[in-house]
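# A structural walkthrough
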Amino acid sequence: MRILVSGGLGFIGSHTVVELLNHKHEVVIIDNLYNSQISTLHKIERISGKKPAFYELDATDYEALENVFQSYDFDGIIHFAGYKAVGESVRKPLEYYYNNLVSTINLAKLAVINQVPKFIFSSSATVYGDGTSPFNESMPLLERTNPYGETKAMSERILTDATKANPGLNVVLLRYFNPIGAHPSGLIGEVPNGIPNNLMPYVTQVAKGLREKLNVFGNDYDTIDGTGVRDYIHVVDLAQGHVAALEANISGVEAVNLGTGKGTSVLEIIQAFEQENNIKIPYEIVSRRPGDIAVSYADTTKAKNLLQWEAKLNIKDMVRDAWHFESNLK
Ligand code: WQD
């Protein structure tokens, strides 16, 4: 199939492009390079032996998108492009609503006009808000968390309504839990802008000596060791989940969790990283981060039944590959 991938040079987008190419699909990437680098395109070529077509453009620019659709007939769209920092979204809500919603609306509109049958949307477990794990897809969407989470929930509703009005459009809403790790080649991985918000890139930067120590946001949660518990999933497993969603026979709209179904605490991640990579990670327990929930992990039943997909890699694989990428990074 010929697939348009928005945000295809980003962390999850680039890993998904590699898996699409491995599955013999043709890929066209659009990316505005706001949170990615053009060098990633060359690394995708080194890994896969193929160089996807690439257009530097912003998915909020309808005319620019329209030009791409005039050059290709697409069998599917995978939409990653979007701002994704929770904290930043609280400081810049209007930028987040504009960028994340207009890009989704533009691509959905062009999918309908050009009769593209499959649309895969990059959503997030954040839409479950502070509910009780394991989260399953029939649970109500969040009441109110942060603008980033709102843009994901609103995009899901926009795409759901679009499928009801346009039977030719079929949508899979993939709700990611906590993607970490990197491609085993060490060529592509997570390159955060500035100080990492997320746990894993912060740990790898401490390991590299770029940061003095890790701040652990609270150890007074009702969990195995008091620190936050999350469902970490290897980014390569996550990427393969997108290929499974694309190749599955889905009609209408389906929300599907992409997680492992297992919870791991912050201290357990630190311990796994130290043991697997033989590197000490100094840390300090500090106060909780506002907005954090104690526990989040997935019910993975629907992904198994609907996509015939489940995560295969474990925490050791994730912390090893994350460090391998960081240690190679110039
Ligand atoms: C994980 C755990 C922190 C950093 C967010 C978004 C989600 C998705 C992934 C975009 C928590 C603790 C973290 C640190 C710490 N983003 N932590 N010190 O918050 O579960 O999810 O990122 O798609 O939508 O909500 O991920 O990696 O920030 O935190 O102690 O320096 O690590 O408290 O328990 P989170 P995270």
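Small disclaimer: the values here were computed from a predicted structure and weren't measured.

### Focus on the nonpolar core
Within the largest apolar cluster, 34 residues are counted, with the highest numbers of intra-cluster contacts made by Leu-20, Leu-174 and Leu-307. At the level of secondary structure, the elements contributing two or more residues to this core comprise strand 1 (2-6), helix 1 (11-22), strand 2 (26-31), helix 2 (39-48), strand 6 (170-176), helix 8 (235-247), strand 11 (253-258) and helix 10 (301-307). In this structure Leu-174 touches Ile-120, Phe-121, Ser-122, Ser-123, Ser-124, Gly-241, His-242, Ala-245, Val-256, Leu-258 and Leu-307, once residues within four positions along its chain are discounted. Formed by 25 residues, the second largest nonpolar core is a distinct cluster that contains Ala-108, Leu-110, Val-116 and Phe-121.

### A word on the site of the ligand
Residues in contact with the ligand amount to 19 residues; listed here are only the nearest, Thr-126, Tyr-148, Asn-215, Arg-230 and Asp-292. Between Asn-197 and the ligand, the recorded distance is 3.5 Å, taken from a backbone N or O atom to an oxygen atom. In isolation the ligand offers 690 Å² of accessible surface; the protein chains occlude 88% of this area. Among the elements that make up the shell around the ligand, the one with the highest residue count is strand 8 (residues 214-217) (four residues). A class-by-class count of the residues in the shell around the ligand yields eight nonpolar, seven polar and four charged.

### Brief notes about the pairing of strand 3 (residues 53-56)
Here four bridges tie strand 2 to strand 3, and the two strands are oriented parallel to one another. Following the sheet pairing, Val-28 is matched in strand 3 by Ala-53.

### Points about the pattern of salt bridges
Pairs can form between side chains of opposite charge whenever their charged atoms are close. Inspection of the entire model under this criterion finds 13 salt bridges. Here Arg-288 and Asp-220 are joined by a salt bridge, their closest N and O atoms 2.9 Å apart. One end of the pair, Arg-288, is in the loop between strand 13 (283-286) and strand 14 (295-296); the other, Asp-220, is in the loop between strand 8 and strand 9 (229-230), with 68 residues separating them in the sequence. The salt bridge partner of Glu-276 is Arg-320, with a shortest N-O separation of 4.0 Å. Taken together, the positions of Glu-276 in helix 9 (residues 266-277) and Arg-320 in helix 11 (residues 315-328) put the pair 44 residues apart, joining distant regions of the chain. When its relative accessible area of 33% is taken as the criterion, Arg-320 is described as partly exposed. By sharing partners, the salt bridges in this structure join Glu-276, Asp-317, Arg-320 and Asp-321 into a single network.

### What to know about the sheet that holds strand 2
On the basis of which strands lie adjacent, the open sheet formed by seven strands has the order 3-2-1-4-5-6-11 and parallel pairing. The open sheet has two edge strands, strand 3 and strand 11, and neither has a second partner. The average undirected angle you get between the axes of adjacent strands in this sheet is 20 degrees. With seven bridges connecting them, strand 5 (residues 118-124) and strand 6 associate as parallel partners. What sits directly across from Ser-124, in strand 6, is Tyr-176. On the sheet, helix 6 (residues 147-165) packs against strand 5, strand 6 and strand 11 and is oriented at approximately 155 degrees with respect to strand 5. Most of the contacts of helix 8 go to strand 6, to which it runs at about 160 degrees, and overall it touches strand 1, strand 4 (76-79), strand 5, strand 6 and strand 11.

Rules and cut-offs
Residues numbered from 1 in each chain as written. Predicted model: local features only at pLDDT ≥ 70, side-chain atom pairs only at ≥ 80, totals over all residues. Heavy atoms only, no water. Core = buried A, V, L, I, M, F, W, Y, C linked by side-chain atoms within 4.5 Å. Buried < 20%, exposed > 50% of the residue type's maximum accessible area, 1.4 Å probe, protein only. Helix = DSSP H or I, 4+ residues; strand = E, 2+ residues; numbered from the N terminus. Contact = heavy atoms within 4.5 Å. Near = heavy atom within 4 Å. Polar contact = N/O pair within 3.5 Å; in protein donor to acceptor, adjacent residues only side chain to side chain. Areas by Shrake-Rupley, 256 points an atom, 1.4 Å probe, with all protein chains shown as cover. Nonpolar A, V, L, I, M, F, W, Y, C, P; charged D, E, K, R; others polar. Pairing = 2+ DSSP bridges. Salt bridge = Lys/Arg side-chain N within 4 Å of Asp/Glu carboxyl O. Axes fitted to C-alpha atoms, helices over the stretch in contact; angles between N-to-C directions.

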